[in-house]
Amino acid sequence: MNTVTRTNLVLAAIAALLSILLLTSQPSTPESATQPLTASDPQQAQSVHIALGNGQPPELHLQRDAQGWALTAPVAMRADDLAIGEILRLLRLPSQRRIDVDAADLAALQLAPPLWRVQIDEHRFAIGGTEALSGQRYVLYQGQIHLVGDLNAARFDNNYADLVDRSLLGEHAQIQSIRLPQAEVTLVQAGSAELFARWANAEAQWLVRPSKMDFDDVRERVTVRLDSASIDFLIRSREPRLELIRPDLDLMYMLPASASRELLEP
């Protein structure tokens, strides 16, 4: 074996040794860094309570039943299961980083008081602000601060319009008559079935909580009589979109302008 070959073998052995040393000396990512906040299955959750961190009412209460999720307070109506699913994601969000509570300025992190308080079954979360650089959200859970991927803030405030079902009449509505601004349409009249079907299947594009000014703009009313109750809708606007206020739920349903013809003309 000549000198050049021997030198190359020595260099190769040194390179291999250095590679092994580098691999074994790399710091491993802590297993806990990406563990979810809880081990609970969102599909098994039964109740959700949401409140603003400063205690301002209302507090929202949601419960799962055989048909899905329902808002039980401050009003009772079916909830949007997809919207509730965004809240339940909190259970399994990975904790990207943890901060010791004793070493943190909770007020600076918007955790004292928090922006929102959320309870899913027995799990209690305080949700704060976001980190400036990463945009990750501070969540206080079981005495430790976690940084998690940002949440949809609209699901956690006290505006239940973002959580409820968008249908005008709910499921299985059996319409008996509709009193429109120009006329009353009853079950026995020709063409009533088509109008009733449009009302039974109508869904808003989105919902908002009406203001006092919205109520002041009302000039017309529609009354839908079901087999078990009557529901009033106040017509706030027909164009550029149809806006219907349901005062018993304090909700305003926003529909396209074409819905004015479909729902308000006999």
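These figures come from a predicted structure and were not determined experimentally.

## Quick notes on the sheet that holds strand β5 (residues 97–100)
The strands that make up a sheet are held in pairs by hydrogen bonds between backbone atoms, and each pair lies either parallel or antiparallel.
Stage number 1. What the nine strands build is an open sheet, ordered β4-β3-β2-β1-β6-β7-β8-β9-β5; its pairing is antiparallel. For this open sheet the edge positions go to β4 (77–78) and β5, each flanked by a neighbour on one side alone.
Stage number 2. Judged from the four bridges that link them, strand β7 (residues 123–130) and strand β8 (residues 137–141) form a sheet pairing that is antiparallel. Pairing of Thr130 across the sheet is with Arg137, part of β8.

## Some words on the sheet that holds strand β12 (residues 206–208)
Stage number 1. Ordered in space as β11-β10-β13-β14-β15-β16-β12, the seven strands form an open sheet in which the pairing is antiparallel. Of all strands in the sheet, those bounded by a partner on one side alone are β11 (184–186) and β12. Going across the sheet, the axis of each strand differs from the next one's by a mean of 25°, ignoring polarity.
Stage number 2. Alignment of strand β15 (residues 241–246) against strand β16 (residues 251–256), held across six bridges, turns out to be antiparallel.

## Section: the layout of surface pockets
Stage number 1. Put simply, the largest pocket is a space of about 190 Å³.
Stage number 2. Along its surface, the largest pocket is lined by Ala70, Ala76, Met77, Arg78, Asp165, Ser167, Leu168, Leu169, Gly170, Arg246, Leu249 and Tyr253.
Stage number 3. Tallied by class, residues from the lining of the largest pocket come to seven nonpolar, two polar and three charged.

## Re the confidence of the model for the protein chain
Stage number 1. Here the protein chain shows a mean pLDDT of 88. Residues at 70 or above account for 88%.
Stage number 2. In this model, residues 18–32 is a region of pLDDT below 50 whose contacts with residues beyond four sequence positions or in other chains number two contacts.

## Topic: the nonpolar core
Stage number 1. Membership of the largest hydrophobic core comes to 61 residues, with the highest contact counts inside it found for Leu90, Ile120, Leu168, Trp199, Phe233 and Tyr253.
Stage number 2. Ranked by the residues each element gives to this core, the list is headed by helix α2 (residues 81–88), at four residues.
Stage number 3. Once you skip the residues sitting within four places of it in the chain, Leu90 turns out to touch Leu37, Val118, Ile120, Phe125, Ile127, Leu151 and Phe156.

Rules and cut-offs
Residues numbered from 1 in each chain as written. Predicted model: local features only at pLDDT ≥ 70, side-chain atom pairs only at ≥ 80, totals over all residues. Heavy atoms only, no water. Pairing = 2+ DSSP bridges. Helix = DSSP H or I, 4+ residues; strand = E, 2+ residues; numbered from the N terminus. Axes fitted to C-alpha atoms, helices over the stretch in contact; angles between N-to-C directions. 1 Å grid on protein atoms, 1.4 Å probe; cavity = no way out; pocket = protein on both sides within 12 Å on 5 of 7 lines; lining within 4 Å. Points joined across faces, edges and corners; volume = space filled by probe spheres on them. Nonpolar A, V, L, I, M, F, W, Y, C, P; charged D, E, K, R; others polar. pLDDT = per-residue confidence, 0-100. Contact = heavy atoms within 4.5 Å. Core = buried A, V, L, I, M, F, W, Y, C linked by side-chain atoms within 4.5 Å. Buried < 20%, exposed > 50% of the residue type's maximum accessible area, 1.4 Å probe, protein only.

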